Every structure is written in structure tokens, then in C-alpha cells.
Amino acid sequence: MSGRNIGRKPVNALKKSAVLVLIFLFILTGCNSARESGGIEESENAAASVTVRDTEKDSVKKTTESEQATEGTQSETETPHQETSPETTEPVTTTGEARPETEMTTGQTEPSVPHTDPPVQQTEPPAEPPVQDQPQMNGTPFGSHGRLSVSGTRLTDQYGAGYTLRGISTHGLSWFPEYVNYDMFKQMRDEWNVNVVRLAMYTAEYNGYCTGDMYNREKLKKLIDDGVNYANQLGIYVIIDWHILSDGNPNMYKNESIEFFREISAKYAEYGNVIYEICNEPNGGTGWGEIKSYAQDVINVIRSNDSSGIVIVGTPTWSQDADIAADDRLNGENIMYAMHFYADTHRDHIRDKLVNAINKGLPVIVSEFGICDASGNGGINYDEASKWMSLLNQYSVSYVLWNLSNKSETSAMIQSWCVKSAGFSYEELSESGKWFVNLNK
Ligand code: IDC
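Procedures and definitions
Residues numbered from 1 in each chain as written. Predicted model: local features only at pLDDT ≥ 70, side-chain atom pairs only at ≥ 80, totals over all residues. Heavy atoms only, no water. Core = buried A, V, L, I, M, F, W, Y, C linked by side-chain atoms within 4.5 Å. Buried < 20%, exposed > 50% of the residue type's maximum accessible area, 1.4 Å probe, protein only. Contact = heavy atoms within 4.5 Å. Pairing = 2+ DSSP bridges. Helix = DSSP H or I, 4+ residues; strand = E, 2+ residues; numbered from the N terminus. Axes fitted to C-alpha atoms, helices over the stretch in contact; angles between N-to-C directions. Near = heavy atom within 4 Å. Polar contact = N/O pair within 3.5 Å; in protein donor to acceptor, adjacent residues only side chain to side chain. 1 Å grid on protein atoms, 1.4 Å probe; cavity = no way out; pocket = protein on both sides within 12 Å on 5 of 7 lines; lining within 4 Å. Sits in = over half its atoms within 2 Å of the grid points. Nonpolar A, V, L, I, M, F, W, Y, C, P; charged D, E, K, R; others polar. Expected span 1.5 Å × (residues − 1).

A. Geometry of the nonpolar core. Core analysis: the biggest nonpolar cluster contains 84 residues, and W192, W242, I278 and V313 have the highest contact counts within it. When near neighbours in sequence (up to four residues on either side) are disregarded, V313 contacts I278, C279, W288, I291, A295, I299, L330, I335, M336, Y337 and A338.

What follows is the structure, encoded as C-alpha cells:
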């Protein structure tokens, strides 16, 4: 039994080993099958992944197509802007329509930007460059209107639009220098709506430029320099007035005049707000021919420094004969001809001369006037003053009131008892002063 048992044991052992080997093999095969099975899953995942990417691609494709479709739509909707904007004169509305589309499109995709930009650029009107807006924001007369020119009978601003100067003349600078100060100029601009100040420098009277000593002359030049600088800082125009009066013929001090205007035109040419008045009021029988030859020489000197600044030329008979000058004009550009009046003395006859001169095409400026009589004193004639102002407004003629001082005379703007040099209240103005301030409100 043990033999048989012994004999059977190896057989059983073999059987067991075989079974074990089979199991081992089975396990090995099973693992491979399991691995293969996992591989299929991976490939399925990969396939799924490919499917997802394809879907994404499709989706990207679809998005692009829809964008292209949208662009096409935009191009169509923008076309009217492109076509209409150059014609439209309402750039704000057109730009306002185009801008939201641009913002939406640029927010979505970049490629649409080139499609939307051109219409926006085209909606900005070429007729209104930014340079026009900036000075307007500045707000001062000179800041807004720049260098003036003469066009036909009118003064025009740097954009070619008609422009009218409304201002005040100082009295003689030697006698009333105190009003040449920043605050005074500022009050004239801000409270009295003045856009030009005239600096009256007598030439022949007591302490005139040509009759006073060198110290006086330097003082006058300094006052002019101060006045020009205040005007420049405040953005208003300034007339430098070679105020001939008792020296009725401007040729009397022609050499002095030429040297003076050579100097100041070189000094102020760049400012752009400086106007040269080269002979206040020729008189004493001085004819236009004499004035004209004087003026041509002085203008040539000014032009050697300042090619375009406005020059005002006085006319015969205390600057009342602009109509005579109209028949025989000076050569050159940017020349205005002076007409002066004092309302209680100079009435219809002088108004007719003004209209005649303008009808002959002459550019006329009232660089000095008063509403009293020609002495600068006497009563105010409101009716005649009103007739004059209507006429000046009708023809857009610029005007400058005589005078900024507290001298005891009707034409002075300040009450004689008031010794301030700026910051005047309404009550501190004379009747002439009140009239002007109300006129210019
Ligand atoms: C006047 C002044 C006066 C002065 C006189 C003489 O108002 O105070 O005494 O000059 O120098 C003008 C002149 C202007 C005159 C003004 C009034 O351009 O100098 O001023 N006037 O007479 N032309 C007509 C009138």
C-alpha cells in the first residue's frame, strides 16, 4: 500500500504541478488579456479624445464661419457709413453710430478690427482738425482766433471767419501809465468783453516819444512792452498806436517812426496778437499822398520783420477821409484804414464817408471814437452814438473807445474821483464808461 501510495504520490505531484503550471499560465494569459483589454479602453479614450478634438475643430470652424458671416454682415452694415460719412455734415451722429459697433467687434475678435477701423477714421471730418478745437477750449480771444488777416473789407481770424475787434484805448501812456497793469487788462477782457487794447503813445505832445528825453522814451518802450505782454498773457489783441496829433503830418517824425516800428516789429513779430497803428490822425491839411508815402515806407520796414501783422493807417482830416484813401490804396496785404469819430461832432456826413469807403471795398477800422464831442469833452450824444453803433454793427466794423483814464473829461471811462488802477465797480465808471460796458455786455 505504501508502495502504491508511494507510486501514486509522484503521479499526483505531477498532476498538481501541471495544474499549477496551467494556472500560472492562465494567470499570465489573463493579465495580458487584461492589459489588452485596458489598451482597448485607452484607444477608445484616444478615439473619444479625437472625437472631442474633431468636435472642437468643428466648433472652431463653425465659430470662424459664424464670425466670417458676422463680419460679412458688419461689412454690409458699415458700408453705408463709409459711403455716407464723407457726405454727411453731422460727424457726431455718424461717429456715434460707428463706435459701438467697433467696440463690440474688437471685443470679440481681432480680425474684425481692420474691417471696422476705416469707417471710424472716415467718420472724422477732415474739415474740423483738432487744432481748431484746442484754441476754442483755451477760450481767450487770441487763443480762439489766432493771427488776424484782412479779407475784402473785413478782419478775419486764422480760420478765415470774419472777426470784429471791440476794445478800449489808453489815454497818453506818458500821462496815465498806471492803467497798464495785468489786473486792469484782465478786467477789460473778463468783465467788459474787450478783445483789444490800444496803447496810445503820443509822439509830439508833452513827454511824447519824439519830444521827451531818452529816459522818457525808455519809460514809454517799457510801458508798451508791459502792455503787449499783459495782452499776450491774457490772449487779447493789442494795438501799438503811434499817436500823432499836434504833429499833423506823419512825415515830421518819419525817421523816429521808422526806427520805432523796426524795433517793435522785430520784437513782437512772433506774438501774433500785435497790431501796428502807424499814424493816429494826420491833420493840418496833410494830404493822402503824403500819408501814403510815409505809410509805404513804414510798412516796408514792418514787413521786413513781420510779414503778415495787421497795420492800421490813419487817413486825412483826423482820420475821417477813408473814402479818399479808398481811391488810391497802399500796396500790400493786411492793411486797415482808420476812420475816427466823436458822436456829438461827427454825424451823417462822416457816416456817409464810412459807408462810401466800405462800398469801394476798403477795409476800415474805427481805431478811436468817443460819444461826446471832438474835444473829448462836452456832453454825451446817446442818439448819435446809437446811430454810429448800428452802422458799425451792420458792416461788422471794429471799434476802440477813447479813453481809459480818470481825467476830468467826458471821454474818460473812470470817474475822476476814483484813483484805483484796476478792479473798478460799475459806480466807479463815468457815463462814457457805463455806456461802453453796457454796450458790450
Ligand atoms: C485828447 C484827450 C485830452 C488831451 C488832448 C490833447 O482826450 O485829454 O488833452 O487829446 O492831447 C482825438 C485824438 C485824441 C484826443 C481826442 C479828444 O486822437 O488824442 O484826446 N480826439 O480830443 N481825435 C479826435 C478827438
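Let us keep going from here.
B. Summary view of the sheet that holds strand β8 (residues 335–342). An order of β3-β4-β5-β6-β7-β8-β9-β10 is seen for the eight strands of this closed barrel, with the pairing classed as parallel. Going across the sheet, the axis of each strand differs from the next one's by a mean of 30°, ignoring polarity. Across four bridges, the pairing between strand β5 (residues 237–243) and strand β6 (residues 274–277) is parallel. Bridge assignment links D241 to a residue of β6, and that residue is E277. Its contacts with the sheet place helix α9 (residues 288–305) against β5, β6, β7 (311–313) and β8, and it is angled at close to 165° to β7. Running at roughly 165° to β8, helix α12 (residues 348–359) makes contact with β8 and β9 (364–370) of the sheet.

C. Structural context of the site of the ligand. Taken together, 15 residues lie near the ligand, and Y202, H243, E281, A374 and K407 sit nearest. E281 is positioned such that a nitrogen or oxygen atom in its side chain is 2.6 Å from a nitrogen atom of the ligand. Here an oxygen atom of the ligand sits 3.0 Å away from a polar atom, N or O, in the side chain of W402. Of the pockets mapped on this structure, the ligand occupies the largest pocket. Of the residues contributing to the shell around the ligand, the split by class is six nonpolar, five polar and four charged.

D. The arrangement of helix α7 (residues 214–234) in detail. Look at α7: 30 Å from first C-alpha to last across 21 residues, which is about the 30 Å you get at 1.5 Å a residue. Considered for burial, the residues of α7 that qualify are N216, R217, L220, K221, L223, I224, D225, D226, G227, V228, A231 and L234. Looking at the buried positions of α7, the neighbouring elements they touch are α6 (182–190), β4 (196–202), β5, α8 (254–268) and β6. At the C-terminal side of α7, G235 shows a positive phi close to 70°.

None of this, on its own, says anything about what the molecule does.
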